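# Remarks on the overall topology
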Amino acid sequence: MTAAIARKPFRRWSVLPGFAPALGFTLTYLSLIVIIPLIALFLKASQLDMASIWRILDNPRVFAAFRLTFVASAVAAGINAVFGLVIAWLLVRYRFWGRRIVDALVDLPFALPTAVAGVSLSALMARNGWVGALFAPFGIDIAYAPPGIVIALIFVGLPFVVRTVQPVLQDFEPELEEAAATLGADRWVTFLRITFPALAPAMLTGFALAFARAIGEYGSVIFIAGNRPGLTEIVPLLIVIKLEEFDYRGASVIAVASLIISFSLLILINLLQRRLGEHHERG
Amino acid sequence: MSGDRRDRPALREPRWARWAIFVGGIGFLVVFVVLPLATVAVEALRKGFDVYRHSLSDPDTVSAIHMTLAVAAIAVPLNCVFGVAAAWAFGKFDFRGKTILVSLIDLPFSVSPVIAGMVFLLMFGLQGWFGSWLRDHHIKIVFALPGLVLATIFVTLPFVARELIPLMQEQGTDEEEAARMLGAGGFRIFWSITLPNIKWALLYGVLLCNARAMGEFGAVSVVSGHIRGLTNTLPLQVDILYNEYNMVGAFATASLLAGLALITLAAKSFLEWRYADQLALTRR
């Protein structure tokens, strides 16, 4: 074991200069900006004993915020998975006027500041807004209610599934689908048995990215949510409220809990995706 | 491509399905992308162009513009240097533990912006680790420009690096090695060989990094302290005006940011179309 490690050097030899300063700078910068501050956060939370940590988390308002955040994020990422596939299909398989503009617009949520998205979505979805007015006669409120939160999270997660599925669909061999068609499968069966299984791992990746983004999202949600404690209050807002009350310990515990839950979910989805990928390769 | 499809009848969905996909996809984008943009324009101009222009010349809004430009002018170049250094170390050399280090660079993308701002409050705030030392030496980090810059650097750190690392990995080291054999030094190799090869990808990363740096809200909101005319960036100014029910002011300020987003998208699409071969292959 030690012999094997000794034979394998730390780095493969290269004639190029600058490895040590480049790596040194990279690691120092990354540590100072990201790693050490995050460790400080975990240390802050771990100053408390388990009983006090539990007292902070075992609170109806905190529990409601966690449930709302994770459920709304999962619903939004799920809707994005379906429509992301539809939009990727449209962009790769169909030719129509303005396709390039549509393709560029998909990335708008990456470029538009979340505060701008927040104010414009809440104006749009309010009872007197263009879209909100369509639902108001039926007594359905979108803005300042949980559906508004889902709408904002759909917006911020929109590009992820499109951008993960699009390249896979582009590289997908049409011959496979043609073979299925010659063997008598109709278009729907071909899609379910041939195309969809090939796209599923990419869809899952996009879902996971949109989900992770949604859990941490703050700017676009707080304008449309209404922010009523226990009803429409999300976890990042709860952290901000604790910070404004100078309850740094409470804020740290909630922040660490949300980081741990979302990282575990991401690892879980990653494992699931790997299994899906293997299953697909084995056919 | 379009000919391709017509030649392949087996790949054509029935007419109703094609319409459903078209209407569903475009309709979704209209509701979630086009209508919000239109709302910004309509609300900003609701009381006419003069009121719009007047609200943009409000002193607090002007100082927010300056603050946003200052924060981006510091954060973007620093992350640019970081991205190039990281891409040189990770893209041109092979060493143990590389994969883990590369994945650490993406960490800020999976941390909530609120948490990104909060970690600096915990370190440099009055109750923070260095709080009393900073107060004794009259150094202000949180609720001042340095705090805004730190939080912005945190959330925009991955953008340049993640464009350059896969590209420099793909390009390999042959050209640089040839230059080395011919006697070029490190900086000469970088300026005449590497930089020309990565310039469009670098610009692409800088564009995305800048858009996020100017538009960041959550992280900056936590460390800013919302001091009007002093620590307000444009997104924070949108928040303040909106909460004061100054809708025209809020949407006029938002329209500046929306304009920036549209310019960024246009430039990004142009780079993807014109220099597709010089951006990382993973990105079409």
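On a predicted model such as this, the values are computed, not experimentally measured, just so you know. (Residues numbered from 1 in each chain as written. Chains lettered and ligands numbered in written order. Predicted model: local features only at pLDDT ≥ 70, side-chain atom pairs only at ≥ 80, totals over all residues. Heavy atoms only, no water.)

Secondary structure assignment for chain B yields 14 helices and 0 strands. Going residue by residue from the N terminus, the α and β elements of chain B occur as α-α-α-α-α-α-α-α-α-α-α-α-α-α. In terms of principal-axis extent, the alpha carbons of chain B reach across some 60 × 55 × 30 Å. Here chain B, with 284 residues, has 54% of them falling under the buried criterion. Long-range pairs, those at least 24 residues apart, make up 72% of the contacts in chain B between residues at least 6 apart in sequence. Accessible surface computed for chain B: about 12,700 Å², of which carbon and sulfur atoms make up 65%. Placing the 24 positive and 21 negative side-chain charges of chain B at their respective mean positions leaves the two points 4 Å apart. (Helix = DSSP H or I, 4+ residues; strand = E, 2+ residues; numbered from the N terminus. Buried < 20%, exposed > 50% of the residue type's maximum accessible area, 1.4 Å probe, protein only. Contact = heavy atoms within 4.5 Å. Areas by Shrake-Rupley, 256 points an atom, 1.4 Å probe, with all protein chains shown as cover. Lys, Arg positive; Asp, Glu negative; His and termini not counted. Charge placed at Lys NZ, Arg CZ, Asp CG, Glu CD.)

Per the counting criterion, the structure on display carries 2 cavities of 30 Å³ or more. Of the voids in this model, the largest cavity is the one considered here, and its volume is about 60 Å³. Put simply, the parts of the chain that give the lining of the largest cavity at least two residues each are α11 (187-216) and α14 (248-282) of chain A. Taken together, the residues that form the lining of the largest cavity break down as 5 nonpolar, 5 polar and no charged. When its volume is computed, the second largest cavity comes out at roughly 50 Å³. What lines the second largest cavity is Thr68, Val71, Thr152, Ala213, Met214, Glu216, Val220, Thr233 and Pro235 of chain B. (1 Å grid on protein atoms, 1.4 Å probe; cavity = no way out; pocket = protein on both sides within 12 Å on 5 of 7 lines; lining within 4 Å. Points joined across faces, edges and corners; volume = space filled by probe spheres on them. Nonpolar A, V, L, I, M, F, W, Y, C, P; charged D, E, K, R; others polar.)

Glancing now at the environment of Leu272 of chain A. Residues and elements named next belong to chain A. Along the polypeptide, Leu272 turns up in helix α14. Judged by its relative accessible area of 48%, Leu272 is partly exposed. Distance in space between the C-alpha atoms of Leu272 and Ala123 is 39 Å, their sequence separation being 149 residues.

This part is about the nonpolar core. Across soluble globular proteins, nonpolar side chains have a tendency to be buried as a group. Counting 186 residues, the largest nonpolar core has Leu41, Leu112 and Ile239 of chain A together with Ile105, Met118 and Phe154 of chain B as its most contacted members. Shared between two domains, this core holds at least three residues of each, these being domain 1 (17-46) and domain 2 (49-282) of chain A. If sequence neighbours within four positions are ignored, Phe154 of chain B has contacts with Ile33 and Val34 of chain A together with Pro108, Val111, Ala116, Val119 and Phe120 of chain B. (Core = buried A, V, L, I, M, F, W, Y, C linked by side-chain atoms within 4.5 Å. Domains from an automatic or database assignment.)

Turning our attention to the pattern of salt bridges. Counted according to the given criterion, the structure contains 17 salt bridges over all chains. Of the charged contacts in the structure, one is a salt bridge between Asp247 of chain A and Lys242 of chain A, with a shortest N-O distance of 3.8 Å. Take Asp247 of chain A: its relative accessible area is 28%, and that puts it in the partly exposed class. The exposure class of Lys242 of chain A is buried, given its relative accessible area of 18%. Close ionic contact of Asp106 of chain B with Arg162 of chain B constitutes a salt bridge, the shortest N to O distance being 3.5 Å. Residue Asp106 of chain B is located in the loop between α5 (98-105) and α6 (113-124), and its partner Arg162 of chain B is located in helix α9 (residues 158-171); the two are separated by 56 residues in the primary sequence. When its relative accessible area of 27% is taken as the criterion, Asp106 of chain B is described as partly exposed. Here Arg162 of chain B falls in the partly exposed class, since its relative accessible area comes to 39%. In this structure, a network of salt bridges that share partners links the residues Asp103, Asp107 and Arg163 of chain A together with Lys268 and Glu272 of chain B. (Salt bridge = Lys/Arg side-chain N within 4 Å of Asp/Glu carboxyl O.)

All names here are of chain B. Going through the model one piece at a time under the given rule, you end up with 29 aromatic pairs over all chains. Look at Phe49 and Tyr52: their rings are 5.8 Å apart centre to centre, the planes differ by 35°, and that puts the pair in the tilted class. One end of the pair is Phe49 and the other is Tyr52, both in helix α3 (residues 49-56) and 3 residues apart, which spans about a single turn. We classify Tyr52 as buried; its relative accessible area is 15%. (Phe/Tyr/Trp six-rings, centres within 6.5 Å; stacked < 30°, edge-to-face > 60°.)

Before going further, it helps to spend a moment on the confidence of the model for chain B. For any part of a model where pLDDT is low, the fine detail of the predicted coordinates should not be relied upon. Residue and element names in this part refer to chain B. A residue-level look at chain B finds 95% of positions with pLDDT of 70 or above and a mean pLDDT of 90. When mean pLDDT is compared element by element in chain B, helix α8 (residues 145-156) scores highest at 96, while helix α1 (residues 2-6) scores lowest at 45. Segment residues 1-6 is flagged for pLDDT under 50; beyond a separation of four residues in sequence, or across chains, it makes 8 contacts in the model. Complex prediction metrics read pTM 0.91 and ipTM 0.91. (pLDDT = per-residue confidence, 0-100.)

So, on to the environment of Val106 of chain A. Residues and elements named next belong to chain A. Position of Val106 relative to the elements: it lies in the loop between α5 (99-105) and α6 (108-111). Judged by its relative accessible area of 0%, Val106 is buried. Once the C-alpha coordinates of Val106 and Leu158 are considered, the two residues, 52 residues apart in sequence, prove to be 7.3 Å apart.

Now for the packing of helix α4 (residues 59-92) of chain B against helix α13 (residues 234-243) of chain B. Residues and elements named next belong to chain B. Between α4 and α13, the least distance of the axes is 8 Å, while the angle of their chain directions is 150°. One way to sum up the angle between α4 and α13 is to call them roughly antiparallel. Within the contact between the two elements, α4 uses Asp60, Thr61, Ala64, Ile65 and Thr68 and α13 uses Leu234, Pro235, Gln237 and Leu241. Class assignment for the residues of the contact of α4 with α13 results in 5 nonpolar, 3 polar and 1 charged. (Axes fitted to C-alpha atoms, helices over the stretch in contact; angles between N-to-C directions. Parallel < 35°, antiparallel > 145°, perpendicular 65-115°, else oblique.)

Quick look at the side chain of Thr195 of chain A now. Within the fold, Thr195 of chain A resides in helix α11. Residues within four places of Thr195 of chain A in sequence aside, it is in contact with Trp89, Leu169, Phe172, Glu177 and Thr190 of chain A.

In protein structure, a disulfide is the covalent linkage between the sulfur atoms of two cysteines. Residues and elements named next belong to chain B. Inspection of every chain in the model, using the stated rule, returns 0 disulfides over all chains. Just so you know, Cys80 is unpaired, no disulfide at all, and the nearest cysteine sulfur is the one on Cys209, 7.6 Å from it. Relative accessible area serves as the criterion here: at 0%, Cys209 is assigned to the buried category. (Disulfide = S-S within 2.5 Å.)

Below, the discussion takes up the interface of chain B and chain A. Contacts between the two partners involve 93 residues from chain B, matched on the other side by 97 residues from chain A. Interface of chain B and chain A: buried area, both sides summed, is about 8,500 Å²; carbon and sulfur atoms make up 78% of it. Seen at the junction of chain B and chain A, the total is 3 salt bridges. For Asp107 of chain A, the salt bridge is made with Lys268 of chain B, and the minimal N-O distance between the two is 2.4 Å. On the surface where chain B and chain A come into contact, there are 10 residue pairs in polar contact (both at pLDDT 80 or more). In terms of residue count, the dominant contributor to the side of chain B that touches chain A is helix α2 (residues 15-44) of chain B (19 residues). In terms of residue class, the side of chain B that touches chain A is made up of 65 nonpolar, 14 polar and 14 charged. (Buried area = accessible area lost by both parts, 1.4 Å probe. Polar contact = N/O pair within 3.5 Å; in protein donor to acceptor, adjacent residues only side chain to side chain.)

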